[in-house]
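The residues making up each chain are set out below.
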Amino acid sequence: MRAVHVVLDLLCGRRGASRACACACAVLVSACGGGTTGDTDEQPPAVRAELAGVVSPGFDLDAQIPEPGSSPITGRIVVSVKGSRGIIRTSDSFGAGPADEHRTSLAELDAPYMLRFSLIDGSFLVSVATEPGRANVTALTTLLVAQLLGADPATAFDNYSAASTANIARITDARIAEAQTAVTAYLQNVLGIPVRSGSASFTQVAFEATDGDPMYDTMVALNAKLAADGITLTDLSQTLAAQARLCLTESITISLGGSTSRFCTASKSGLPETADPTVMAYVFTDPNGATLTLRVRGNDLLTERYVTAEGAAYDCSAAGCTGLVLGAPAGDLSRPATFTDARIGAATLNGSLTLPAPGPAIPVLPCDNNRYALVYPDFSFAAECVDASDPFGIGGMFGGDAGLPRTAVTFGSALSVYFEDGSLLSITALQPLTDPGTGQPVFFKCVGAECAGAVLGEPELNYDYGPELTLRSLTLAGVQLRALNADGTPAALGAATLQGAFLTIEYIQPPPTLNDCAGATDLVEGQLSFRADPVRICPNPVSGVKNTFVAPDGELTLNVTGSTPDGSGLPSPMLGVVVPAGGGGARISLVDAQQYACTGGCTGVTVGAPNVAGERQVTFSGAVLREIEPANLPGTRTITLNGSFVAPPP
């Protein structure tokens, strides 16, 4: 920081915009060699692309803590800005203009943009912009973003990146205007808050954060209403987002009694009728409790019924149901239904819905990405938006080494997916279903070509955060996961059906430092089934350890932790041998990026008797270990061990 800046800020203060300050600034800049002279023929500086606007939650910002990167001397607020591509930017800590305004460079950022400001209570104000220019960041723009994107505004900002294709497409001037109209109607009609600013743009109008300004007074009234109702701006944003999400996902219009309304799907189900299983009953429910029911046998529509939230019912049957066209079933048996001036009694329907795959009523999830719905054979289900395990803030799921060159991506506690060289290897549901016939857990998995309906997007290389990252979308459309017993054999239950959409992030790690185990007396070689080079396991000179444990029941565990010399996917494995106290054969496990094991009477391993020092020789001779995959299911890879190590006394 230049000393002249510090002096300027001490002279001008936080709200310094006085004429005296301007004079002092001119004097200091001149003294430091600023300004121009008659002898200088300089070109005017290029106008930089930037966003600028007022930041206000509807109360005084003086007590607010700015985001990291702001100046403790000036106390000026700092807004963070993300583009559809590029590295996140923060607004200038110094600059002209009132202290409740931000001015943020858009250098190397692509439109459209999202903006965020952190409040002292840990909540956020969020806004959007389609081009350089004005962009206010206020309580009203935060509600607008919730309506526009159908997502919690702070979460949408965190996840905003080039992969946020749905949100990028929604941030347009026309849609922003539509979202503001919807928010205005909600504030006035539902909350009873007069929007004194009228149709003036929440994001672009110039206003002052002072009493008497119509825009500011609207926010003051909003805060008063929130306080009276005992909720926060975040609560209200999430309520608006949840309602908006439903209509963004799926909706039709229903004209009735001279008025038209939108029917937005909150949940839908498709179940066979008990009396006649050849008839499928598809039931759609909106947030207010209105329902639309279609009864279908094969390709024939039998009846339609629309019931309003107030309980008024409208029906038609067979040929009396006009204007509805059913599309062909997809692989998971879902199918489109298109309404064109379709009549159900006095109600007229327009638009399209998707009849769901057979299964229970699954709620519409409040997220475009990182979500799944898994329907088990008994029609129970699991469905959720999954928080991204993402250290880079891109908004996707970070993949880890699962035995190079393979990558594993885990989606919450629900799914594990294996990739290799840009191809999908397998999908495993991590939560089992209990077989009602046997009482045993049943797992669900697909491998390779079995995973029809799983589509990997084209790779996108990303260097915004330093290392080379590979971003890929993963779309799951009616993927069938077959039922497996705990030992990997087929189970009698039917398949589970999986829907979902994710962003995956893969980091290609550099090869590990070579360790040829030269001179090692403890050395075990492992031959992996999927590569030619052997893996050498020996204690690392720095971190490698050996130990022996004796359990209270006499069970003996002998471990060696070492390092491998190449990119085998086992850079620091722990090799363990367990000898049961009552005999029955040893168990062997090798754990690191992936786990290999043999259990119960492993052949090819010998544990010698202790010598006078209490040490034991552990020898491997063709011992075969099988890979253990997610959900502890046996995999197809193996490793064969040969060699020995000396285990220390317990």
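Just so you know, these numbers come straight off a predicted model, no measurement behind them.

To continue, consider the overall build of the protein. Along the protein, the regular secondary structure elements total eight helices and 41 strands. Out of the 650 residues in the protein, the part that is buried amounts to 44%. Contacts in the protein between residues at least 24 apart in sequence constitute 52% of all its contacts with a sequence separation of at least 6. Accessible surface for the protein amounts to roughly 29,500 Å². Of this, 55% is attributable to carbon and sulfur atoms.

Moving on, we come to the side chain of Ser237. Considering the arrangement of structural elements, one finds Ser237 in helix α8 (residues 233-249). Apart from residues lying up to four places away in sequence, Ser237 is in contact with Thr142, Leu143, Ala146 and Pro153.

Another point: the environment of Pro336. Looking at where Pro336 falls in the secondary structure, it is placed in strand β17 (residues 335-344). Along the primary structure Pro336 and Val325 are separated by 11 residues, whereas in three dimensions their C-alpha atoms are 8.3 Å apart. In this structure, Pro336 is in contact with Val325, Leu326, Gly327, Ala328, Leu353 and Thr354, ignoring residues within four places of it in sequence.

When two helices pack together, their arrangement is given by the angle between the helix axes and by the axis-to-axis distance. Two elements in contact, helix α3 (residues 139-149) and α8, have axes separated by 6 Å at closest approach and are oriented at 25 degrees. Judged by the inter-axis angle, α3 sits roughly parallel to α8. Handedness of the α3/α8 crossing: right-handed. Counted together, Ala139, Thr142, Leu143, Ala146, Gln147, Leu148 and Leu149 of α3 and Leu233, Leu236, Ser237, Leu240, Ala241, Ala244, Arg245 and Leu248 of α8 form the full contact between these two elements.

The next subject is the sheet that holds strand β9 (residues 251-256). Strand pairing in a sheet is mediated by backbone hydrogen bonds. Such pairs are either parallel or antiparallel. Strand order in the open sheet formed by five strands is β10-β9-β18-β17-β16, with antiparallel pairing between adjacent strands. Taken across any chain shown, the strands that pair with only one partner, and hence form the sheet edges, are β10 (259-264) and β16 (322-326). Strand-to-strand twist across the sheet, computed as the mean angle between neighbouring axes with direction ignored, equals 15 degrees. Looking at chain direction, β9 and β10 are connected through six bridges and run antiparallel. Paired with Thr253 across the two strands is Arg262, which belongs to β10.

Taken as a whole and assessed by the stated rule, the structure comprises five disulfides. Disulfide pairing is shown between Cys316 and Cys321; the S-S distance is 2.1 Å. Linking Cys316 and Cys321, the disulfide has an S-S dihedral of approximately 115 degrees and is accordingly described as right-handed. On the basis of relative accessibility, which here comes to 9%, the residue Cys321 falls in the buried class. The disulfide that involves Cys446 links it to Cys451, with 2.0 Å between the sulfurs. Between Cys446 and Cys451, the disulfide has an S-S torsion of 110 degrees and is therefore right-handed. Of the two residues, Cys446 and Cys451, both sit in the buried class.

Right, let's talk about helix α7 (residues 214-229) for a bit. Over its 16 residues, α7 extends 23 Å from the first C-alpha to the last, a length consistent with the 22 Å expected when each residue adds 1.5 Å. Of the positions making up α7, those classed as buried are Met215, Tyr216, Thr218, Met219, Leu222 and Leu226. Burial along α7 is one-sided: seen end-on, the buried residues are contained in an arc of 155 degrees. α7 presents Ala227 and Ala228 as exposed residues on the side facing more than 90 degrees away from its buried surface. For α7, the secondary structure elements touched by its buried residues are β1 (50-56), β8 (137-138), α3, α6 (173-190) and α8. Of the residues flanking the start of α7, the one acting as N-cap is Asp213, its side-chain oxygen 3.0 Å from the backbone nitrogen of Met215.

Here we take up the nonpolar core. Of all hydrophobic cores here, the largest spans 50 residues; its most connected members are Met114, Leu187 and Leu222. Looking at this core, the elements with two or more residues in it are β1, β5 (110-118), β6 (124-129), α3, α4 (153-158), α6, α7 and α8. In terms of residue count, α3 provides more of this core than any other element does, eight residues in total.

Taken over all residues, the pLDDT of the protein has a mean of 81, while the share at 70 or more is 84%. Here residues 1-40 is a poorly scored stretch, pLDDT under 50, and it has 30 contacts once near neighbours within four places are set aside; other chains count.

In this structure the tally under the stated criterion is 14 salt bridges. A salt bridge links Glu460 to Arg85, with the nearest nitrogen and oxygen atoms 3.2 Å apart. Within this pair, whereas Glu460 is found in strand β29 (residues 460-462), its partner Arg85 is found in strand β2 (residues 80-85), the two being separated by 375 residues in sequence. Assessed through its relative accessible area of 45%, Arg85 is described here as partly exposed. A salt bridge links Glu250 to Lys268; the nearest nitrogen and oxygen atoms lie 3.2 Å apart. You can see Glu250 sitting in the loop between α8 and β9 and its partner Lys268 sitting in strand β11 (residues 267-272), a full 18 residues away along the chain. Given a relative accessible area of 18%, Lys268 falls into the buried group.

This brings us to unusual backbone geometry. Of note, the amide linkage connecting Ala111 to Pro112 takes the cis form, showing an omega dihedral of -5 degrees. Relative to the helices and strands, Pro112 is located in strand β5. Phi is positive for Ala318, close to 45 degrees, though the residue is something other than glycine. Mapped onto the elements, Ala318 comes out in the loop between β15 (313-317) and β16. Despite not being glycine, Asn632 has its phi angle at roughly 60 degrees, a positive value. Considering the arrangement of structural elements, one finds Asn632 in the loop between β40 (616-629) and β41 (633-647).

Inspection of the secondary structure assignment puts Val195 in the loop between α6 and α7. Between the C-alpha atom of Val195 and that of Thr218, which follows or precedes it by 23 residues, the distance is 5.5 Å. Contacts of Val195, omitting those with residues within four sequence positions, involve Thr184, Leu187, Gln188, Phe202 and Thr218.

With that settled, consider the packing of aromatic side chains. Under the criterion given, the structure shown has five aromatic pairs. Ring centres 6.4 Å apart and planes at 25 degrees place the aromatic pair Tyr306 and Tyr314 in the stacked group. By relative accessible area, which is 7% here, Tyr306 ends up buried. Connected via pairs of aromatic rings, a cluster forms that spans Phe263, Tyr306 and Tyr314. Sitting above the plane of the Phe157 ring, Lys82 keeps its charged end 5.2 Å from the centroid.

About the thresholds
Residues numbered from 1 in each chain as written. Predicted model: local features only at pLDDT ≥ 70, side-chain atom pairs only at ≥ 80, totals over all residues. Heavy atoms only, no water. Helix = DSSP H or I, 4+ residues; strand = E, 2+ residues; numbered from the N terminus. Buried < 20%, exposed > 50% of the residue type's maximum accessible area, 1.4 Å probe, protein only. Contact = heavy atoms within 4.5 Å. Areas by Shrake-Rupley, 256 points an atom, 1.4 Å probe, with all protein chains shown as cover. Axes fitted to C-alpha atoms, helices over the stretch in contact; angles between N-to-C directions. Parallel < 35°, antiparallel > 145°, perpendicular 65-115°, else oblique. Left-handed = near helix turned anticlockwise from the far one by under 90°. Pairing = 2+ DSSP bridges. Disulfide = S-S within 2.5 Å. Expected span 1.5 Å × (residues − 1). Arc of directions from axis to C-beta. Polar contact = N/O pair within 3.5 Å; in protein donor to acceptor, adjacent residues only side chain to side chain. Core = buried A, V, L, I, M, F, W, Y, C linked by side-chain atoms within 4.5 Å. pLDDT = per-residue confidence, 0-100. Salt bridge = Lys/Arg side-chain N within 4 Å of Asp/Glu carboxyl O. Phe/Tyr/Trp six-rings, centres within 6.5 Å; stacked < 30°, edge-to-face > 60°. Lys NZ or Arg CZ within 6 Å of the ring centre and 35° of its normal.

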